[in-house]
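Residues per chain are reported as follows:
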Amino acid sequence: MKTLKIGILGLGTVGGGTYTILTKNKEIIEKRTGCDVQVARILDRFQKPDVPEYLYTEDPDDVLTSKDIDLVIETLGGIEPACSFMVQAMKHGKHVVTANKAAVAANYELLTKTAKENNVKFLYEASVGGGIPVLTAMQNALQGNNFLEVMGIVNGTTNYILTKMTEDGADYGEVLKDAQAKGFAEADPTADVEGIDVANKLSILIALAFDQYIPPTEIPTTGISAITKADIDAAAAEGCKLKLIAHATLNPDGTVKASVAPEKIANTHPLAGVSNEFNAVYITGDMVDEVMFYGKGAGALPTGSAIVGDIISVAKSL
Ligand code: HSE
């Protein structure tokens with residue numbers, strides 16, 4: 001049986017969830033791939049219980065350049081050194097799987113070009129919508145469409161905060177702490193509440209839907225930190241819910257109009273029913289019409305599930 005040796009960069013929430021899935025579901029992964037998928041090395045300073053000590057290293061080269069690693073999982077978060085590490089790994093012939101929306105969105109062209117040049121796979125399903133397989137669907141089952149519009153609730157933390165404020169009249173700060181405790185929020189939750197995380201994800205969705213790269217910094221972005229109970233009540237009076245929406249529309253001239261902002265979504269719209277940490281991406285294609293992908297957009301196991309899906313695709317392609 002073939003062996004696929006994996007190096008994990010960062011065993012935090014998402015890296016840890018990925019390790020758990022690779023361990024717990026080893027048998028089914030082996031059955032589906034015909035491969036023995038082994039975690040061979042982990043770059044992290046802090047060890048987790050139940051993970052053998054001998055797997056750990058503090059030297060990135062033990063993962064990035066080592067001959068016995070076939071695939072690198074990047075779950076460090078942040079743009080650097082994550083991006084440089086991914087580039088280095090690909091230049092050393094390693095496939096790369098990541099959940100890191102900030103690094104992918106900021107360096108989309110460099111990362112996809114490096115993968116092509118080095119004839120390796122670069123997969124990032126987990127970077128948008130956590131466990132929801134929306135990027136894979138856009139590149140496979142939906143690829144016969146011209147995409148016309150993409151709307152998404154793609155940040156679990158802010159959707160959780162808005163839901164609790166709407167349904168329970170909860171206090172913004174308290175719910176944010178709760179979201180952090182549940183592992184949804186970024187290390188610095190400013191990226192969540194100011195919409196930066198959503199802009200990163202929208203940049204990736206736009207690249208796949210419209211074959212155009214718009215850097216996240218060029219997407220007009222407003223977060224939810226200024227939203228008050230009065231705004232939520234005003235939306236409710238109009239039969240709407242306030243949601244932080246990633247929105248991209250194809251203009252008739254072929255350009256793309258993109259924004260991240262709280263929008264009033266009519267209670268009758270499918271996105272209005274997306275609550276708590278759940279995410280959804282609502283896509284309009286010229287042939288399929290409207291489709292919506294829904295599921296858990298954050299957290300160790302849902303995000304790990306998408307990473308493991310990408311690992312399995314690589315293993316199957318070998
Ligand atoms: N902080 C992100 C969220 C994590 O709340 O959705 C998943 O990308």
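Predicted model only: the values in this text are computed from it and were never measured.

*Asks:* What is the right way to look at the pattern of salt bridges in this model?
*Replies:* Side chains bearing opposite charge may pair, as long as their charged atoms lie close to each other. Applying the stated criterion across every chain yields a total of 10 salt bridges. Among the ionic pairs, Asp36 bridges to Lys26, the shortest N-O distance being 2.7 Å. In this pair, Asp36 sits in strand β2 (residues 35-43) while Lys26 sits in helix α2 (residues 26-33), placing the two residues 10 residues apart along the sequence. We classify Asp36 as buried; its relative accessible area is 16%. Under the relative-accessibility criterion, Lys26 is labelled partly exposed at 32%. Salt bridges sharing partners connect three or more residues here, namely Lys101, Glu186, Asp197 and Lys201.

*Asks:* Honestly, the nonpolar core in this entry has me stumped. Any pointers?
*Replies:* Side chains of a nonpolar character, in soluble globular proteins, are inclined to be buried together. Within the largest apolar cluster, 71 residues are counted, with the highest numbers of intra-cluster contacts made by Phe122, Val134, Leu135, Met138 and Ile206. When residues in this core are grouped by element, the largest group, 10 residues, is from helix α11 (residues 196-210). Not counting residues up to four positions away in its chain, the partners in contact with Met138 are Gln143, Phe147, Leu205, Leu208, Ala209 and Ile283. Formed by 27 residues, the second largest nonpolar core is a distinct cluster that contains Leu4, Leu11, Leu22 and Ile312.

*Asks:* Which parts of the structure should I look at to understand the sheet that holds strand β4 (residues 71-74)?
*Replies:* Pairing between the strands of a sheet comes from backbone hydrogen bonds, and it takes one of two forms, parallel or antiparallel. Reading across from one edge, β3-β2-β1-β4-β5-β6 is the order of the six strands in this open sheet, with parallel pairing throughout. Single-partner strands in this sheet number two, and they are β3 (56-57) and β6 (122-123). Where β4 meets strand β5 (residues 95-98), four bridges bridge the pair, whose relative direction is parallel. Looking at the pairing, Val72 lines up with Val96 of β5.

Quick notes on the rules
Residues numbered from 1 in each chain as written. Predicted model: local features only at pLDDT ≥ 70, side-chain atom pairs only at ≥ 80, totals over all residues. Heavy atoms only, no water. Salt bridge = Lys/Arg side-chain N within 4 Å of Asp/Glu carboxyl O. Helix = DSSP H or I, 4+ residues; strand = E, 2+ residues; numbered from the N terminus. Buried < 20%, exposed > 50% of the residue type's maximum accessible area, 1.4 Å probe, protein only. Core = buried A, V, L, I, M, F, W, Y, C linked by side-chain atoms within 4.5 Å. Contact = heavy atoms within 4.5 Å. Pairing = 2+ DSSP bridges.

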